[in-house]
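# Structural overview
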Amino acid sequence: MKAVILAAGYGTRLLKDLQGADEQHLQDLTGTPKPLLPIAGFPLISYWIEALRGGQDPIDIFIITNELYQGKFKDWAKNYPFVTVISDGTSTNEERLGAVSCLQLIIEAFSIDDSLMVIGGDTLFYEDFHLQDVVEEFEVLYRGNSQANLVLSYTCKDDGKAAELGSRA
């Protein structure tokens, strides 16, 4: 299985919040893509990489970003030689391709014909989340139907609580 982390967003809402922040340490994050924001001292995306590795040999991991942030992701990826960073070729939020087009770009650029895990690069997960459980669930579905898909999402409510939703197709 290969993995794609979608990280081509421009963080326009986050940028407005950071620019309006009173605290200097928050303003210092301006220009940082959401997946590279520090969570407990490490970039958010690093947690996904470690979860994908699972203590085993790394799988092929592709990160799709934009021209604006490609350099930042490439600098970060120097610690992860099994990660490939690719730009979607856009430079502004108005030009963005969207998740489906970015995914298609990766599939075509690398001739991916394997099972593919797709992750939103700015997605947080709970401490009790175990990626291996998701992979095992997918493998069960795949054995029954090689065209199976497994989609997981969290619906975040305004009160900060989240509910896990899962669907199979």
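Residues numbered from 1 in each chain as written. Predicted model: local features only at pLDDT ≥ 70, side-chain atom pairs only at ≥ 80, totals over all residues. Heavy atoms only, no water.

## Here's the deal with the pairing of strand 5 (residues 83-87)
Of all 5 residues that make up strand 5, 4 are buried, and the element is covered over most of its length. Sheet topology places strand 4 (residues 61-65) next to strand 5; 5 bridges connect them, and they run parallel. Its bridge partner being in strand 5, I61 is matched across the sheet by V83. For the handedness criterion, the β-α-β arrangement of strand 4, helix 4 (residues 70-77) and strand 5 is classed as right-handed. (Buried < 20%, exposed > 50% of the residue type's maximum accessible area, 1.4 Å probe, protein only. Helix = DSSP H or I, 4+ residues; strand = E, 2+ residues; numbered from the N terminus. Pairing = 2+ DSSP bridges. Right-handed = clockwise from strand over helix to strand, strands pointing away.)

## Let's talk about the sheet that holds strand 4
Spatially, 4 strands are ordered 5-4-1-6 in an open sheet, and the strand pairing comes out parallel. Of all strands in the sheet, those bounded by a partner on one side alone are strand 5 and strand 6 (116-120). Pairwise comparison of adjacent strand axes, ignoring direction, gives a mean angle of 20° for this sheet. Running over the sheet, helix 3 (residues 44-53) touches strand 1 (2-6), strand 4, strand 5 and strand 6 and is turned about 170° from strand 1. (Axes fitted to C-alpha atoms, helices over the stretch in contact; angles between N-to-C directions. Contact = heavy atoms within 4.5 Å.)

## Details of the confidence of the model for the protein chain
Low pLDDT marks stretches whose predicted atomic positions should not be read closely. On average, the protein chain scores 79 in pLDDT, and the residues at 70 or more come to 78%. Taken as a whole, residues 159-169 scores under 50 in pLDDT and shows 27 contacts with residues more than four places along the chain or in a different chain. (pLDDT = per-residue confidence, 0-100.)

## Remarks on the nonpolar core
I5, I63, W76 and V83 are the most contacted members of the largest nonpolar core, which has 24 residues in total. Counting only elements with at least two residues in this core, the list comes to strand 1, helix 3, strand 4, helix 4, strand 5, strand 6 and helix 6 (131-144). With 4 residues, the top contributor of residues to this core is helix 3. Ignoring anything within four residues of it in the chain, the contact list for V83 reads I49, I61, I63, W76 and A77. Of all hydrophobic cores here, the second largest spans 9 residues; its members include A8, F62, I86 and I112. (Core = buried A, V, L, I, M, F, W, Y, C linked by side-chain atoms within 4.5 Å.)

## A few points about unusual backbone geometry
Non-glycine residue A40 carries a positive phi angle of around 50°. Residue position: A40 is located in the loop between strand 2 (38-39) and strand 3 (42-43). A relative accessible area of 68% means that A40 is categorised as exposed. Of note in the backbone geometry, S111 takes a positive phi value of approximately 45° without being a glycine. Take S111: it is sitting in the loop between helix 5 (99-109) and strand 6.

## A word on the pattern of salt bridges
The full count for this structure, using the stated rule, is 4 salt bridges. D114 serves as the salt-bridge partner of K2, at 3.0 Å between the closest nitrogen and oxygen. Of the two residues, K2 sits in strand 1 while D114 sits in the loop between helix 5 and strand 6, which places them 112 residues apart along the sequence. Taking the relative accessible area as the measure of exposure, K2 reaches 17% and is therefore buried. (Salt bridge = Lys/Arg side-chain N within 4 Å of Asp/Glu carboxyl O.)

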